[in-house]
Amino acid sequence: MALVPNPTVNEGPLFPEVDVDMAADSSTPTVRATVVQASTIFYDTPATLDKAERLLAEAASYGAQLVVFPEAFIGGYPRGSTFGVSIGNRTAKGKEEFRKYHASAIDVPGPEVDRLAAMAGKYKVYLVMGVIERDGYTLYCTVIFFDSQGHYLGKHRKIMPTALERIIWGFGDGSTIPVYDTPIGKIGAAICWENKMPLLRAAMYAKGIEIYCAPTADSRDVWQASMTHIALEGGCFVLSANQFCRRKDYPPPPEYVFAGTEEDLTPDSVVCAGGSVIISPSGAVLAGPNYDGEALISADLDLGEIARAKFDFDVVGHYARPEILSLIVKDHPMSPVSFTSTSTTSKEASFPK
């Protein structure tokens, strides 16, 4: 990896860009991709949006065409919090924590989405952003997508929150597993440990994903093995973005407590070490993993690598055995309540008899 000199700007760049140049074949398209490794400003969504714009502007100044942010960047990943939950009991403090977390989430669509769309258009980049989505009083861990013209494309809701995440986040369904066919490639996303779900990956491969975004909260070394495997399995580029956080990036105790570890932490203690990475369809690490701090991590993606990798192994093509193995994906929305009406003017719902 080489450190790219920082561009000259009035306030100076937020973070250095960690860059790897590839010897791309000039006959195939090359896409400049950046993954952002940075922390949310917890409980302050307007300030986090401001930070996102500064990072996006800096990435664009390095020539980024696609920028991927971490899981829950807008709204925050509530690392270490229990929300006062035990079997059969919820505490008043935990409920108040949820109220504040709910207030930090965003509506999709909504004004924050409009602002992110405007950012993508202003800096002419495709943007993949991890958010906490508020739908009434249920929260979802969501990724939202924007094109370089400033249009909101859609969203992916995490279909399976992990462990205590299930207490605070709802479950996505098959209607939000998109892969967008864009001029820079077919782009989609899976969030954190849902990347370990083979059938979800198979659905995305079947949609032709080429640039597989994996916003995460997992900074363990073993996460790198999963990212490499997905790149090889799918014959796609994998872009994994994680936050780099210190204790001081969260509110101080007693407002916010890291359960079980608070007494061992100082303000400068690292509570999420990052590990953001970009991997090619052949399994080569193009940039990262970075554990050094907040950073912009970039690489040039030679899209010709996809065809070269698929020649060896196409998991939903010549390597598939549909007469033995098949998958059905239920991709319609699953609503807990639906209403029918016998006429468009009726104000009363009619129910099946």
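Parameters and conventions
- Residues numbered from 1 in each chain as written.
- Predicted model: local features only at pLDDT ≥ 70, side-chain atom pairs only at ≥ 80, totals over all residues.
- Heavy atoms only, no water.
- Pairing = 2+ DSSP bridges.
- Helix = DSSP H or I, 4+ residues; strand = E, 2+ residues; numbered from the N terminus.
- Axes fitted to C-alpha atoms, helices over the stretch in contact; angles between N-to-C directions.
- Contact = heavy atoms within 4.5 Å.
- 1 Å grid on protein atoms, 1.4 Å probe; cavity = no way out; pocket = protein on both sides within 12 Å on 5 of 7 lines; lining within 4 Å.
- Points joined across faces, edges and corners; volume = space filled by probe spheres on them.
- Nonpolar A, V, L, I, M, F, W, Y, C, P; charged D, E, K, R; others polar.
- Patch = residues over 30% accessible without salt bridge, like charges linked within 9 Å, V, L, I, M, F, W, Y side chains within 5 Å.
- Areas by Shrake-Rupley, 256 points an atom, 1.4 Å probe, with all protein chains shown as cover.
- Salt bridge = Lys/Arg side-chain N within 4 Å of Asp/Glu carboxyl O.
- Buried < 20%, exposed > 50% of the residue type's maximum accessible area, 1.4 Å probe, protein only.
- Core = buried A, V, L, I, M, F, W, Y, C linked by side-chain atoms within 4.5 Å.

Asker: Sorry if this is basic, but what is going on with the sheet that holds strand β13 (residues 237-240) here?
Answerer: The pairing of strands in a sheet comes from backbone hydrogen bonds and takes either a parallel or an antiparallel form. Spatially, six strands are ordered β10-β11-β12-β13-β16-β17 in an open sheet, and the strand pairing comes out mixed. If you trace the sheet from one side to the other, it starts and ends with β10 (179-182) and β17 (285-290), each paired once. Geometrically, the sheet is characterised by an average inter-axis angle of 15 degrees between neighbouring strands, direction not taken into account. Sheet contacts for helix α5 (residues 198-206): β10, β11 (185-189) and β12 (211-213); angle to β12, the most-contacted strand, approximately 145 degrees.

Asker: Help me out: how do you make sense of the layout of surface pockets in this one?
Answerer: Over the atoms rolls a probe the size of a water molecule, and its path tells where empty space is left. The volume enclosed by the largest pocket comes to roughly 460 Å³. Around the largest pocket, the lining comprises 18 residues; the ones closest to its centre are A202, V315, V316, L325 and L327. It is α5 that provides the largest number of residues to the lining of the largest pocket, a total of seven residues. Partitioned by chemical class, the residues of the lining of the largest pocket number 14 nonpolar, one polar and three charged.

Asker: Explain a nonpolar patch on the surface here, please?
Answerer: Taken together, L199, L327 and V329 make up a surface patch of nonpolar side chains, about 260 Å² in accessible area. Following the sequence through the fold, L327 ends up in the segment after α7 (304-312).

Asker: Even after reading the chapter, I still don't get unusual backbone geometry, so can you show me in this structure?
Answerer: What you tend to see is this: most non-glycine residues have negative phi, and most peptide bonds are trans. Here V108 and P109 are connected by a cis peptide whose omega angle stands at 0 degrees. Tracing the backbone shows P109 in the loop between α2 (92-104) and α3 (111-123). Residue P289 follows G288 across a cis peptide bond; omega there is -5 degrees. Inspection of the secondary structure assignment puts P289 in strand β17. If you check the backbone angles, F83 has positive phi at about 55 degrees while not being a glycine.

Asker: Explanation requested: the environment of K95 in the structure shown.
Answerer: The residue K95 is located in helix α2 in this model. K95 gets classed as exposed once you look at its relative accessible area, which sits at 54%. Separated by eleven residues in the primary sequence, K95 and G84 have C-alpha atoms spaced 7.3 Å apart.

Asker: In this structure, what is going on with the nonpolar core? I would like to understand it.
Answerer: Side chains of a nonpolar character, in soluble globular proteins, are inclined to be buried together. L66, L239 and L301 are the most contacted members of the largest nonpolar core, which totals 47 residues. Formed by 28 residues, the second largest nonpolar core is a distinct cluster that contains V36, L55, L116 and L127.

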